[in-house]
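Examining the three-dimensional arrangement
What follows is each chain in one-letter form.
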Amino acid sequence: MKSPPAMDPEAPPGTPPDDEQEEKRGGRKGVPWRMTLSLAYQSLGVVYGDLSTSPLYVYKAAFAEDIQHTESNEEILGVLSFVFWTLTLVPLLKYVCIVLRADDHGEGGTFALYSLLCRHARAALLPPGRAAAAAGDDDDLFDAGAGAKKAAPENGNAVTLGGRGGGAAASVRKLLEKHKVLQRVLLVLALVGTCMVIGDGVLTPAISVFSAVSGLELSMEKEHHKYVELPIACIILVCLFALQHYGTHRVGFIFAPIVITWLLCISMIGVYNIIHWEPTVYRALSPYYMYKFLKKTQRGGWMSLGGILLCVTGSEAMFADLGHFNQLSIQIAFTCMVYPALILAYMGQAAYLCRHHTMESDYRIGFYVSVPEKIRWPVLAIAILAAVVGSQAVITGTFSMIKQCTSLGCFPRVKIVHTSAKVHGQIYIPEINWILMILCLAVTIGFRDTKHLGNASGLAVITVMLVTTCLMSLVIVLCWHKSIFLAIGFIVFFGTIEALYFSAALIKFREGAWVPIVLAFIFMLIMCIWHYGTIKKYEFDVESKVSINWLLGLGPNLGIVRVRGIGLIHTELETGIPAIFSHFVTNLPAFHQVLIFMCIKNVPIPHVRPEERFLVGRIGPKEYRIYRCIVRYGYHDFHKDDMEFEKELVCSIAEFIRSGSSKLNGLSDDFDKDEEQQMSVVRTGSIRMLEEDGTVENTVGPSHAREIQSPSPSPTPPPAAAVGVKKRVRFVLPAASPKPNAGVQEELQELSDAREAGMAFILGHSHVKAKSGSSFLRRFVINFCYDFLRRNSRGPNYAVTIPHASTLEVGMMYYV
């Protein structure tokens, strides 16, 4: 006889309350003032390192050969006026007051805006098996309660969108959903912004560190400092990238004090210079001086805007790093600390130059010439540290952006190392780190001056801002349901300002601005090829899948036997049987007593709550013990290790069996076997699984196998009991749950027996080739480019930590 069902009525450990889960997801709404002030303090070291070091190179870049030096101060006051109003309108008005409110469940950045739009209109072009292709299937992850039932169709679009709005929102949404070209434009915009952020990850460390080190020229002869400046900058950059694998959290505690010290330092120097050299410099705060500047300098003044726009370098980090803080903390830090310090610093530099503009070399030297000689060395040391901090934030942001692209199937899979057990957003990507270091050293050695580096960095910065402006205008209509005239006003006002700066940066294409364009083109090409190949591979999976009827009818034809254990088949499909499995079972007619088709689904939202992670359904009659499980992850979610994930997966199946969800999926005699069955959201944590080693009685011997019968096979009588040392598995049910019936007990018992016997992973290894008769371009992209990227990229996350002894790899040729 079988042993009693492996279940004990015991209460599971309590799940964290909603507030704690919200805290873990990064949505810090309603936090106390003490916590907000603490986050504001921390944000100074993470978010504002790049923005706070911009005074090192803005004036030097603005006056680099574009403006003729004259006896008057109009050019200096004009540049100051542009700097003041640019800082006021772009970081303060646009980002702090408007863009920060467009968060995607607490997350910010280009892809956050894109995913937000995709949930309010069916505009996503990402492969549905790898990401939820559109809207409705995402919002329910936050709103649906545990155990709520919902369909999981192939395209992921069956759920009705909530809060879709009417009027202008409905018109814009219909326009996006109707025209595929507009959907492609939307995706290209998001990818362009992402590629420019990656380019900024190359250029910002170079210009920040090089500008900080350039202060050595004041203490050395002109012919000597150029031989010292470049090696020191390169050594600092190599050390910066070499320390990335330790993680931000190990040195993060010194970041905020360094940035605060730097901001206090430049603001006090600014106040000193204003009082000592030119107290009336405040006149430049009038926009009239911008008009006088452009009128007098004309083309030279317009070209100098490419250097002036560097004053807002790092503004995008306020939005991109939103997930680590909250809106109020970032707003407090900028308005109370960063903005006043920067304005005073720029005014102080202008005040000094007003008295020393007759010295032509002063325009070349930049920030350090305005620093009193007695404190120049301490300021140099603080500036280098602040530049390192700013570069660290940009590099970390680049890692996060690439992780988002990888999760959504837009970038080849790379190794992602989580450097902090507490803060999942702190990651390290070795391959990208060394690529960034090589490119950063290349542009530093190649240019060797802030003029060309500034031109390159400026174009990357302003392009990201233009992309954000375009996406935000759609968010205003589609997501906020505001008037379309408000959205037009937003894009016209900020778009005009940014287009003016963009034209000034683009005109310097030959003088360094070509670098971010080339970098963006290369990364864009990689993303598009990977995206195209991934879509074609998924389409082949959909076209080649076999029906459930085929699987249920295998027994009489092939003599399929069931072996002990759990067979876990990974598939990209949310419905149907993948061609990989049909290829496997027709060549080896046997599979496990419990079969699970698992689909890892990356949805375009930042986080999926644990209770919403698993969707479970049944394939075929209950007696076949074949299940489908869809595991959903957000683009900022942390993938657990294999052992913990296996336990959660088995517990989700057990909870599906126990909760009675299987009754909704039960089959009647007239059930259409080709029909895809309903999936259920299964809350994990209510059932626990205990695994113990010990001497127990084996109720099923090693020769246990049975042939599939149709429609209702009966298990082969178990052989005589044997005694041995093995792992014992039992499920612990909640104390308040009713006693399960005999059918549920039997199914749970068989699941525990299968878990005791072990789990085997059946993975597909596909070789992708272009179809015969394809064009040369398609053959080149698929057979060479995509195949090269696939062979040199990492395997899927779920396959990295799987024990090799438990893996069956099935090879198959995909003709796309």
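As recorded in an unreviewed UniProt entry, the chain goes by the name Potassium transporter, listed as coming from Urochloa decumbens. The record in UniProt for the chain states the following under Subcellular location (unreviewed entry): "Membrane". Quoted straight from UniProt, the Function (unreviewed entry) entry for the chain says "Potassium transporter."

Moving on, we come to the overall build of the chain. The secondary structure content of the chain amounts to 30 helices and 14 strands. Taken over 816 residues, the chain has a buried fraction of 58%. Considering only intrachain contacts with a sequence separation of at least 6, the fraction spanning at least 24 residues in the chain is 85%. Accessible surface computed for the chain: about 32,700 Å², of which carbon and sulfur atoms make up 61%.

The next point concerns the nonpolar core. The biggest cluster of nonpolar side chains holds 167 residues, and the ones touching the most others in it are Tyr 48, Leu 87, Phe 334 and Tyr 346. Per element, the largest residue contribution to this core is 17 residues, and it comes from helix H16 (residues 327-356). In terms of nonpolar packing, the next biggest core, distinct from the first, is built from 32 residues, Leu 568, Val 594, Tyr 627 and Leu 733 among them.

On to the packing of aromatic side chains. The geometry of two aromatic rings is summed up by the distance between their centres and the angle between their planes. Evaluated as defined, the whole model comprises 23 aromatic pairs. Ring centres 6.3 Å apart and planes at 75° place the aromatic pair Phe 447 and Trp 514 in the edge-to-face group. Here Phe 447, found in helix H19 (residues 430-447), pairs with Trp 514, found in helix H22 (residues 514-544); they are 67 residues apart in sequence, far enough to count as distant. Residue classification places Trp 514 among the partly exposed positions, given a relative accessible area of 36%. Consider the rings of Phe 581 and Phe 584, whose centres lie 6.2 Å apart with planes at 40°: the pair is tilted. Pair noted here: Phe 581 and Phe 584 are both in helix H25 (residues 579-587), with a separation of three residues, about one helical turn. Grouping residues by exposure puts Phe 581 and Phe 584 together as buried. Here the aromatic cluster, defined as three or more aromatic residues joined through ring pairs, consists of Phe 581, Phe 584, Phe 591 and Phe 597.

Let us now look at the pattern of salt bridges. Scanning the entire structure with this criterion turns up 14 salt bridges. A salt bridge links Lys 451 to Glu 511, with the shortest nitrogen-to-oxygen separation between them at 3.9 Å. In this pair, Lys 451 is assigned in helix H20 (residues 450-478) and Glu 511 in the loop between helix H21 (484-506) and H22, connecting sequence segments 60 residues apart. On the basis of relative accessible area, Lys 451 is assigned to the buried category, the value being 18%. What makes Glu 511 partly exposed here is its relative accessible area of 28%. Across the pair Glu 655 and Arg 658 runs a salt bridge whose closest N-O atoms are separated by 2.9 Å. Linking Glu 655 with Arg 658, this pair stays in helix H26 (residues 642-658), spanning three residues, or about one helical turn. Its relative accessible area of 9% is what places Glu 655 among the buried residues. Each of Glu 74, Glu 75, Lys 292 and Lys 296 takes part in salt bridges that share partners, so that together they form one network.

What follows is about the packing of H20 against H22. Direction vectors running N to C along H20 and H22 enclose 50°, while the axes themselves pass 7 Å from each other. The orientation of H20 with respect to H22, classified from their angle, is oblique. The segment H20 lies against H22, with Ala 456, Leu 459 and Ala 460 engaging Val 515, Pro 516 and Ile 517. Residue composition of the contact of H20 with H22, by class: six nonpolar, no polar and no charged.

With that out of the way, let us pick up the packing of helix H12 (residues 255-276) against helix H18 (residues 376-407). Following both chains from N to C, one finds H12 and H18 inclined at 130°, their axes separated by 9 Å at the closest point. Classed by the angle they form, the pair H12 and H18 counts as oblique. Between H12 and H18 lies a crossing whose hand is left-handed. Across the interface between the two elements, Phe 255, Ile 258, Val 259, Thr 261, Trp 262, Cys 265 and Ile 269 from H12 touch Val 379, Ile 382, Ala 383, Leu 385, Ala 386, Val 389 and Gln 392 from H18.

Tracing the backbone through its elements, the reader meets Arg 613 in the loop between strand S6 (590-602) and strand S7 (614-618). Classification of Arg 613 by relative accessible area gives buried; the value is 10%. At 2.9 Å, the side chain of Arg 613 forms a polar contact with the backbone oxygen of Arg 632. With residues up to four places along the chain from it excluded, the contact list for Arg 613 reads Val 608, Ile 630, Val 631, Arg 632, Tyr 633 and Asp 637.

Under the 1.5 Å per step criterion, the end-to-end length of H19 is 26 Å for 18 residues, consistent within 8% with the ideal 26 Å. Considered for burial, the residues of H19 that qualify are Pro 430, Ile 432, Asn 433, Leu 436, Met 437, Cys 440, Leu 441, Val 443, Thr 444 and Phe 447. Seen from one end, H19 has its buried residues packed into an arc of 165°, which puts them on one side. Opposite its buried face, H19 presents the exposed residues Ile 438 and Gly 446, each directed more than 90 degrees away. After H19 finishes, the residue Arg 448 shows a positive phi value of roughly 65°.

Criteria and thresholds
- Residues numbered from 1 in each chain as written.
- Predicted model: local features only at pLDDT ≥ 70, side-chain atom pairs only at ≥ 80, totals over all residues.
- Heavy atoms only, no water.
- UniProt positions renumbered as here; feature names shortened; annotations may be inferred.
- Helix = DSSP H or I, 4+ residues; strand = E, 2+ residues; numbered from the N terminus.
- Buried < 20%, exposed > 50% of the residue type's maximum accessible area, 1.4 Å probe, protein only.
- Contact = heavy atoms within 4.5 Å.
- Areas by Shrake-Rupley, 256 points an atom, 1.4 Å probe, with all protein chains shown as cover.
- Core = buried A, V, L, I, M, F, W, Y, C linked by side-chain atoms within 4.5 Å.
- Phe/Tyr/Trp six-rings, centres within 6.5 Å; stacked < 30°, edge-to-face > 60°.
- Salt bridge = Lys/Arg side-chain N within 4 Å of Asp/Glu carboxyl O.
- Axes fitted to C-alpha atoms, helices over the stretch in contact; angles between N-to-C directions.
- Parallel < 35°, antiparallel > 145°, perpendicular 65-115°, else oblique.
- Nonpolar A, V, L, I, M, F, W, Y, C, P; charged D, E, K, R; others polar.
- Left-handed = near helix turned anticlockwise from the far one by under 90°.
- Polar contact = N/O pair within 3.5 Å; in protein donor to acceptor, adjacent residues only side chain to side chain.
- Expected span 1.5 Å × (residues − 1).
- Arc of directions from axis to C-beta.

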